[in-house]
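Chain residues, written in single-letter form:
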Amino acid sequence: MSKRLLLHICCAPCACGCIDQLREADVEFAFYFSNSNLNSLAEFEKRLEAAGKLAAAENIELFIDDYDHTAWLERTAALADEPERGQRCGICFDWSLSRTALAAEQMKFDCFATSLTVSPHKSSRRIFEIGSKYERFEAWDFKKRDGFLKGNRRAKELNLYRQNYCGCEFSIRNS
């Protein structure tokens, strides 16, 4: 039996860019939609709807974390003036990875990874450094083998919602 991996997904287009690599590696996986960083419940729901549509189209189980933007803001607000890709983003990555680590443990997954590494706007190395403190974390660089391009192509085919900013209110000013 292959290992069971819980894949943190930030949005459907990024998740699209991970599916082929995981399937080619014969990994059994499920999606974990954890996005308290999103600046509004409306944005959370739009992205969740797209994730659900993708999960149904690809026959992938989808688990959903509670939306708690207030708690996320408490962790990141002191760094509100940081530029995009600054220290605040590291706190945000850790928020998502810690929640996914806990979910993976509770749901008895062997390991977890994140779709964040598919984006050319995110440093995979930095994500791996943050993830390395979690026992079950696996460093998958989904950027490789055109993950981002393939993900966007598949998202267009499925007519999935594609946003133009990371999701937090701080990233809107840079979009």
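Coordinates for the structure precede this section.
Residues numbered from 1 in each chain as written. Predicted model: local features only at pLDDT ≥ 70, side-chain atom pairs only at ≥ 80, totals over all residues. Heavy atoms only, no water.

### A closer look at the packing of aromatic side chains
Tallied over the entire structure, the rule returns eight aromatic pairs. Between the aromatic rings of F112 and Y134, the centroid separation amounts to 6.4 Å while the plane-to-plane angle is 65°, which identifies the pairing as edge-to-face. Taken together, the residues span a long stretch of sequence, with F112 in strand β4 (residues 111–114) and Y134 in the loop between α5 (124–131) and α6 (147–157) at a distance of 22 residues. In this structure, F112 and Y134 share a single accessibility class: buried. When the centroid spacing of 6.4 Å and the interplanar angle of 55° are considered together, the rings of F128 and F137 count as tilted. The exposure class assigned to F128 is partly exposed, which follows from its relative accessible area of 22%. Under the relative-accessibility criterion, F137 is labelled buried at 13%. (Phe/Tyr/Trp six-rings, centres within 6.5 Å; stacked < 30°, edge-to-face > 60°. Helix = DSSP H or I, 4+ residues; strand = E, 2+ residues; numbered from the N terminus. Buried < 20%, exposed > 50% of the residue type's maximum accessible area, 1.4 Å probe, protein only.)

### Points about the sheet that holds strand β3 (residues 62–64)
Read from one edge to the other, the open sheet built from four strands follows the order β3-β2-β1-β4, with strand pairing classed as parallel. Taken across any chain shown, the strands that pair with only one partner, and hence form the sheet edges, are β3 and β4. Sheet twist, expressed as the average angle between the axes of neighbouring strands with direction ignored, equals 30°. The pairing of strand β1 (residues 4–9) with β4 spans four bridges and is parallel. Bridged to L5 within β4 is C111. (Pairing = 2+ DSSP bridges. Axes fitted to C-alpha atoms, helices over the stretch in contact; angles between N-to-C directions.)

### Here's the deal with α5
Listed in full, the buried residues belonging to α5 are S124, I127, I130 and G131. Here the buried residues of α5 occupy an arc of 125° about the axis, which is enough to place them on one side. Close packing links the buried residues of α5 with α4 (87–106) and β4. (Arc of directions from axis to C-beta. Contact = heavy atoms within 4.5 Å.)

### Describing the state of the cysteines
Applying the stated criterion across every chain yields a total of zero disulfides. C10 takes part in no disulfide bond, and the closest cysteine sulfur to it belongs to C14, at a distance of 3.9 Å. Owing to a relative accessible area of 12%, C10 belongs among the buried residues under this scheme. (Disulfide = S-S within 2.5 Å.)

### Some words on the environment of E61
Here E61 lies in the loop between α2 (41–58) and β3. In this structure, the C-alpha to C-alpha distance between E61 and S119, residues 58 residues apart in sequence, is 22 Å. In contact with E61, other than residues within four places in its own chain, are A30 and F31.

### Comments concerning the pattern of salt bridges
As enumerated under the stated definition, the model contains 11 salt bridges in all. Of the charged contacts, one joins R23 and E58 as a salt bridge, the two residues approaching to 2.7 Å between their closest N and O atoms. Placement of the pair is R23 in helix α1 (residues 12–24) and E58 in helix α2, with a sequence separation of 35 residues. R23 gets classed as partly exposed once you look at its relative accessible area, which sits at 39%. Between E24 and R145 there is a salt bridge, and its shortest N-O distance comes to 2.0 Å. (Salt bridge = Lys/Arg side-chain N within 4 Å of Asp/Glu carboxyl O.)

### Comments concerning the pairing of β1
Counting buried residues along β1, five of its six residues qualify, which places the element largely inside the surrounding structure. Examined bridge by bridge, β1 and strand β2 (residues 28–33) share six bridges and lie parallel to one another. When the bridges of β2 are listed, H8 appears paired with Y32. With α1 bridging β1 and its parallel neighbour β2, the resulting β-α-β unit is right-handed. (Right-handed = clockwise from strand over helix to strand, strands pointing away.)

### Overview of unusual backbone geometry
If you check the backbone angles, D26 has positive phi at about 60° while not being a glycine. Within the fold, D26 resides in the loop between α1 and β2. Overall, the relative accessible area of 57% leaves D26 in the exposed class. One non-glycine residue, N159, lies in the positive phi region at around 55°. With respect to the secondary-structure elements, N159 resides in the loop between α6 and α7 (169–172). Residue N159 is classed as exposed on the basis of its relative accessible area, which comes to 62%.

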